[in-house]
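Examination of the molecular architecture
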Amino acid sequence: MTFGDISIEQFRSQGEQVFNWISEYFQNLDDIPVTTPVSPQELRKRLKCALPEKAEPLEMIFRDFKERVVPYLTHWNHPRFFAYFPNTGSGPGILAETLAAALNVNLMKWSTAPSACALEEVVLDWVKQMVDYPFDSEGILTNGASLGSLFAMAAALHQVPGLDLRNKGLSGRSLPVFRVYQSEEAHSSLDRAALTLGIGLDNVVKVPVDTEYRLRPQHLEASIRKDRERGHLPFFVCATVGTTSTTSVDPLETIAAICRQEKLWLHVDASYAGFAKIVPELSPVVGDLSVADSLIVNPHKWLFNPMEISCLLWKPKGAFTQTFSLVPEYLRSPEDGGTDFMNLTPQLGRSFRALKLWYVIRSFGMEGLRERLREHVRLARWFADRVDEDPSFERLAPVPFSTVCFRVRSRDPNQFNTRLLQNLNRTGEIFLSDTKLRGNVALRFSVGNIRTEQKHVEDAWRLIKREASGIAHG
């Protein structure tokens, strides 16, 4: 029996093969399908195997990865992936992720990973500069906006005066009904946060939106006033910069004024569009993010970082420490002046996320990042112009950033466009997603992949027209 890890020789040999394969994968992405339709039953059958008792050769495992896993993926790194919000594992980010995996440090305390913790502080300060958030705010890197928004809602709840939730909790005593407010177009992560914290879906107030799918401040004010009259306890408002369906932007300053007047915590979900702040002509569209008590932006959405990394920032000093800090004896150590990130969220085990953000920002520079975002907006607007010019199509929402919501005109547009989406994705040449806007099925064409070029958008438009014509005349 051999103990310990694989040999350095094995690791080096396999590492070379893996990186060679990755290079060829990127080089040949244009030639592979974005996705390959396969039934769950067939896929489970292909992947099913007995639990291995004996060691298997790395070569065989790698072969199975290439032959049994890769062909049945949906390739988010593909230049013709236009669904949801495309994210990109860029080259610098992948290199950094590999290095972080090799180091395998845990950023729970400063003493457990000093330079990694310091680097997290550095990139958080960079993000504050990029999105014009107060430099003296606090922050942390988390895995995604859903957990970030959950942490923010928890911190806001613990800041409500007189509750002492840290010690007494929510159960077994008489408390008012807590109320959360967001637009009808806000992301479902806020609903999940309310579920997790025991607030309940019935207490998430969906505020109506205007014709451009932005939260209506007057309806927010009315909902808060009505809830106070009922004896409820409003405590949290979420505004969105770049809603998931249409990328609309809520009127931040007006909402912030209401929150100040009502003494409510304002959380801004800028997961998708927050980094558009670095593009001068888009900055006014984004608005003033500094009005937020807490803010979430996702480098893995539109800043070319591999999954998973989100930046959660907040202004109320000590709010997250008061909510989450709990230090058992085995983690106590003399004060060293560094940040113990474990005190800022419920999470103890934390990966070295900062390394990939540090690598990506340095590799492309602000100029390079700015130009890539600007090009994505140009490509999306080119596509929107084609939709607007063609009488067979119609656009269903404004295009403030790089996502276009559209549909084909038809006597039964919902059925037609649902079928069109299925046909398009079945080709493997393109991948789109859909949403519903006021009951209408809308196809979403979102540009965000670092490898997407003009030719990919033109090819997509030709394919969409071809498939739509085939349905219309079939």
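Everything below is about the structure printed above this text.
Quick caveat, the model's predicted, so the values are computed rather than measured. (Residues numbered from 1 in each chain as written. Predicted model: local features only at pLDDT ≥ 70, side-chain atom pairs only at ≥ 80, totals over all residues. Heavy atoms only, no water.)

What follows is about the overall build of the protein. Looking only at helices and strands, the protein features 16 helices and 11 strands. Its C-alpha atoms give the protein a radius of gyration of 24 Å, near enough to 23 Å, the size a compact globule of 474 residues would have. Taken along its principal axes, the extent of the C-alpha atoms in the protein is 70 × 60 × 45 Å. Counting only residues that meet the buried cut, the protein has 50% of its 474 residues in that class. Across the protein, the fraction of contacts at a sequence separation of at least 24, relative to all contacts at a separation of at least 6, is 73%. (Helix = DSSP H or I, 4+ residues; strand = E, 2+ residues; numbered from the N terminus. Rg over C-alpha atoms; globule rule 2.2 N^0.38 Å. Buried < 20%, exposed > 50% of the residue type's maximum accessible area, 1.4 Å probe, protein only. Contact = heavy atoms within 4.5 Å.)

With that settled, consider the sheet that holds strand S4 (residues 233-240). Across the sheet, 7 strands lie side by side as S1-S7-S6-S5-S4-S2-S3; this open sheet has mixed pairing. The sheet is open, and its two edges are formed by strand S1 (138-142) and strand S3 (204-207), each paired on a single side. Direction aside, neighbouring strands of the sheet carry axes that sit 20 degrees apart on average. As paired elements, strand S2 (residues 178-183) and S4 share 4 bridges and run parallel to each other. Across the sheet, Arg179 pairs through a bridge with Pro234, a residue of S4. Against the sheet, helix H6 (residues 145-158) engages S1, S2, S4, strand S5 (265-269), strand S6 (294-297) and strand S7 (310-314), with an angle of about 150 degrees to S4. (Pairing = 2+ DSSP bridges. Axes fitted to C-alpha atoms, helices over the stretch in contact; angles between N-to-C directions.)

It is worth spelling out the nonpolar core at this point. Membership of the largest hydrophobic core comes to 97 residues, with the highest contact counts inside it found for Phe235, Val268, Leu295 and Phe320. Those residues in contact with Leu295 that sit more than four places away from it in its chain are Val131, Tyr133, His267, Val268, Ala270, Leu289, Cys311, Leu312 and Leu313. Membership of the second largest hydrophobic core comes to 27 residues, among which are Val387, Phe406, Val408 and Ile464. (Core = buried A, V, L, I, M, F, W, Y, C linked by side-chain atoms within 4.5 Å.)

All right, on to the sheet that holds strand S10 (residues 433-437) then. Within the open sheet, the 4 strands sit side by side as S8-S9-S11-S10. Their pairing is antiparallel. Looking along the sheet, the strands with just one partner apiece sit at the ends: strand S8 (393-395) and S10. Averaged over all pairs of adjacent strands, the angle between strand axes in this sheet comes to 40 degrees, irrespective of strand direction. As paired strands, S8 and strand S9 (residues 403-408) are joined by 3 bridges and run antiparallel to one another.

In this section: the state of the cysteines. Evaluation of the coordinates by the stated rule reveals 0 disulfides. Not engaged in a disulfide, the cysteine Cys117 finds its nearest cysteine sulfur in Cys311; these two sulfurs lie 15 Å apart. Cys117 gets classed as buried once you look at its relative accessible area, which sits at 0%. (Disulfide = S-S within 2.5 Å.)

Moving on, we get to the packing of aromatic side chains. The tally for this structure, following the rule as stated, stands at 24 aromatic pairs. Consider the rings of Phe393 and Phe406, whose centres lie 6.3 Å apart with planes at 40 degrees: the pair is tilted. Of the two residues, Phe393 is situated in strand S8 and Phe406 in strand S9; the sequence distance between them amounts to 13 residues. You'll find Phe393 and Phe406 in the same group, each marked buried. Here the aromatic cluster, defined as three or more aromatic residues joined through ring pairs, consists of Phe82, Phe383, Phe393, Phe406, Phe445 and Trp461. Lying over the aromatic face of Phe135, Lys128 brings its terminal NZ or CZ to 5.8 Å of the ring centre. (Phe/Tyr/Trp six-rings, centres within 6.5 Å; stacked < 30°, edge-to-face > 60°. Lys NZ or Arg CZ within 6 Å of the ring centre and 35° of its normal.)

Tracing the sequence through the fold places Gly200 in the loop between helix H8 (189-197) and S3. Of the residues examined, Gly200 reaches a relative accessible area of 23% and is grouped as partly exposed. For the pair Gly200 and Val177, spaced 23 residues apart in the sequence, the C-alpha separation amounts to 9.7 Å.

Summed over the entire model, instances satisfying the criterion amount to 27 salt bridges. Between Arg214 and Asp210 there is a salt bridge, with its nearest N and O atoms 2.9 Å apart. Residues joined by salt bridges that share partners form a network here, namely Asp30, Arg80 and Lys455. (Salt bridge = Lys/Arg side-chain N within 4 Å of Asp/Glu carboxyl O.)

Residues in a regular strand project their side chains so that they alternate between the two faces of the sheet. Buried residues dominate S5, accounting for 5 of its 5 residues. Where burial is concerned, the two faces of S5 agree: the one with Trp265, His267 and Asp269 and the one with Leu266 and Val268 are both buried. Here S4 runs beside S5; their pairing, made up of 5 bridges, is parallel. When the sheet's bridge partners are listed, Thr240 is paired in S5 with Asp269. Summarising the sheet, S5 and S6 pair through 3 bridges and their orientation is parallel. Among the inter-strand pairings, Asp269 is bridged to a residue of S6, identified as Ile296.

So, about the environment of Ser13. Looking at the element boundaries, Ser13 is found in helix H1 (residues 8-27). Residue classification places Ser13 among the partly exposed residues on the basis of a relative accessible area of 31%. Considering only alpha carbons, one finds Ser13 and Glu458, 445 residues apart in sequence, at a separation of 41 Å.

This next bit is on the pairing of S3. For S2 and S3, the ladder comprises 4 bridges, and the chain directions are parallel. Opposite Tyr181, over in S3, you have Val205 as the bridge partner. With respect to chirality, the unit in which S2 leads through H8 into the neighbouring parallel S3 is right-handed. (Right-handed = clockwise from strand over helix to strand, strands pointing away.)

Cis peptide bonds are those with omega within 30 degrees of zero, and the linkage from Met307 to Glu308 qualifies with 5 degrees. Notably, Asn104 is not glycine yet its phi reads approximately 55 degrees, a positive angle. Summarising the element assignment, Asn104 is placed in the loop between helix H4 (91-103) and helix H5 (114-131). One non-glycine residue with positive phi stands out, namely Tyr213, at about 65 degrees. Along the chain, Tyr213 turns up in the loop between S3 and helix H9 (217-229).

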